[in-house]
Amino acid sequence: MKNLSFVKVVLASAIIGCGLIATSQEQNKAGAQDQELKKIKEMGIGIYKIKYDSNGAIESFLVVGQAEVSTVLGPVKAQLMARKAAEQSAKTALVQFMKETVTVVETSDNQTVLTTEGNGGSLIQKGKSIDKQGEKFKSVSSEVLSGLTLIHYDLDADKKTITAVYGWKPKFSELGKEIREKMNNDKTGAEDSLSGGAVAKDPAGLKSKKVTSDIANDFL
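Residues numbered from 1 in each chain as written. Predicted model: local features only at pLDDT ≥ 70, side-chain atom pairs only at ≥ 80, totals over all residues. Heavy atoms only, no water.

By size, the foremost hydrophobic cluster in this structure holds 29 residues, and its most contacted members are Phe 61, Val 63, Leu 94, Met 98, Val 104, Leu 114 and Val 144. Going through the elements one at a time, strand E2 (58–68), helix H2 (75–100), strand E3 (102–106), helix H4 (135–146), strand E6 (149–156) and strand E7 (161–168) are the ones with two or more residues in this core. Aside from chain neighbours lying at most four places away, what touches Phe 61 is Ile 47, Tyr 48, Lys 49, Ile 50, Leu 94, Phe 97, Val 144, Tyr 166, Gly 167, Trp 168 and Phe 219. (Core = buried A, V, L, I, M, F, W, Y, C linked by side-chain atoms within 4.5 Å. Buried < 20%, exposed > 50% of the residue type's maximum accessible area, 1.4 Å probe, protein only. Helix = DSSP H or I, 4+ residues; strand = E, 2+ residues; numbered from the N terminus. Contact = heavy atoms within 4.5 Å.)

Dropping the structure here:
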């Protein structure tokens, strides 16, 4: 019986020990993620963390948008308007990035991929670069914009700024295209959340808030 009790104690200690190690690893991972997102926030509006596959095609990247928060109309309305402005600043940065840096390649098997200067040489040889002034390029750019996914949101009440970090992957654009087509076929539509209605007042004022998606580490 004593031996059995001893075994139970050892097993319990081992389980607790494993739990503590796992918790510590999760905390370290979360801390590293927070530090990385803080750095990206401080760098401001732009494109970051571009990742490529073995052929030089873009696998993913981050887009940062920022905006000031004006509380003249009340904290709630201010946050909604600032989020819209931050999203727009991110999209503007992405459009500029597409025009200046990105080459859209249509490969021999009709696959459309994105690459940047100095990358994807073999892809361009196998296919053809799409003219940046053409309709095809504009269509691809529109699909890229529709594929942006919000992965981090940071409202800084002290500085009265909002930072929105978006992630992009090729499959996100494909999903965005499907959703857009579905919405175009939906006659009911959805009203803009900023249009009309009374302005909600928050007596506590503007509050700092951070939210990070579970998939954020896929881009960091």
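Ordered in space as E4-E3-E5, the three strands form an open sheet in which the pairing is antiparallel. Edge positions in the sheet fall to strand E4 (112–116) and strand E5 (128–129), since each has one partner strand and no second. Pairing geometry for E3 and E4, over five bridges, is antiparallel. In the sheet register, Val 104 faces E4, and the bridge partner there is Leu 114. Of the strands in this sheet, E3 and E4 touch H2, which is tilted by about 65 degrees from E3. (Pairing = 2+ DSSP bridges. Axes fitted to C-alpha atoms, helices over the stretch in contact; angles between N-to-C directions.)

Attention shifts here to the packing of aromatic side chains. With the rule as written, the count across this model stands at three aromatic pairs. With 5.8 Å between their ring centres and 65 degrees between their planes, Phe 61 and Phe 97 make a pair best called edge-to-face. Here Phe 97 lies in helix H2 and Phe 61 lies in strand E2, a separation of 36 residues in the sequence. Each member of the pair Phe 61 and Phe 97 is classed as buried. Each ring, one from Phe 172 and one from Phe 219, has its centre 6.2 Å from the other, and the planes form 45 degrees; the classification is tilted. Of this pair, Phe 172 sits in helix H5 (residues 170–185) while Phe 219 sits in the segment after strand E8 (209–212), and the two are 47 residues apart along the sequence. Through successive ring pairs, a cluster of aromatic residues spans Phe 61, Phe 97 and Trp 168. For the cation-ring pair, Arg 83 lies above Tyr 153, with the distance from its terminal atom to the ring centre recorded as 4.2 Å. (Phe/Tyr/Trp six-rings, centres within 6.5 Å; stacked < 30°, edge-to-face > 60°. Lys NZ or Arg CZ within 6 Å of the ring centre and 35° of its normal.)

Here we take up the sheet that holds E6. Two pairing modes exist for strands in a sheet, parallel and antiparallel, and in both the strands are linked by backbone hydrogen bonds. Taken in spatial order, the five strands of this open sheet run E1-E2-E7-E6-E8, and their pairing is antiparallel. Of all strands in the sheet, those with a lone pairing partner are strand E1 (46–52) and E8, marking the two edges. For this sheet the average axis-to-axis angle between neighbouring strands, irrespective of direction, equals 15 degrees. As defined by bridge partners, E6 adjoins E7 across seven bridges and the pair is classed as antiparallel. Counterpart to Tyr 153 in the pairing with E7 is Ala 164. Where H2 meets the sheet, it contacts E1, E2, E6 and E7, and its direction lies at approximately 135 degrees from that of E2.

Moving on to H4. The end-to-end C-alpha distance of H4 is 17 Å, a good match for the 16 Å that 12 residues give at a rise of 1.5 Å each. Taken as a whole, H4 has its buried residues at Phe 137, Val 140, Ser 141 and Val 144. Taken down its axis, H4 places every buried residue within 100 degrees of arc, on the same side. (Expected span 1.5 Å × (residues − 1). Arc of directions from axis to C-beta.)

So far we have only geometry, and geometry alone does not tell us how the molecule works.
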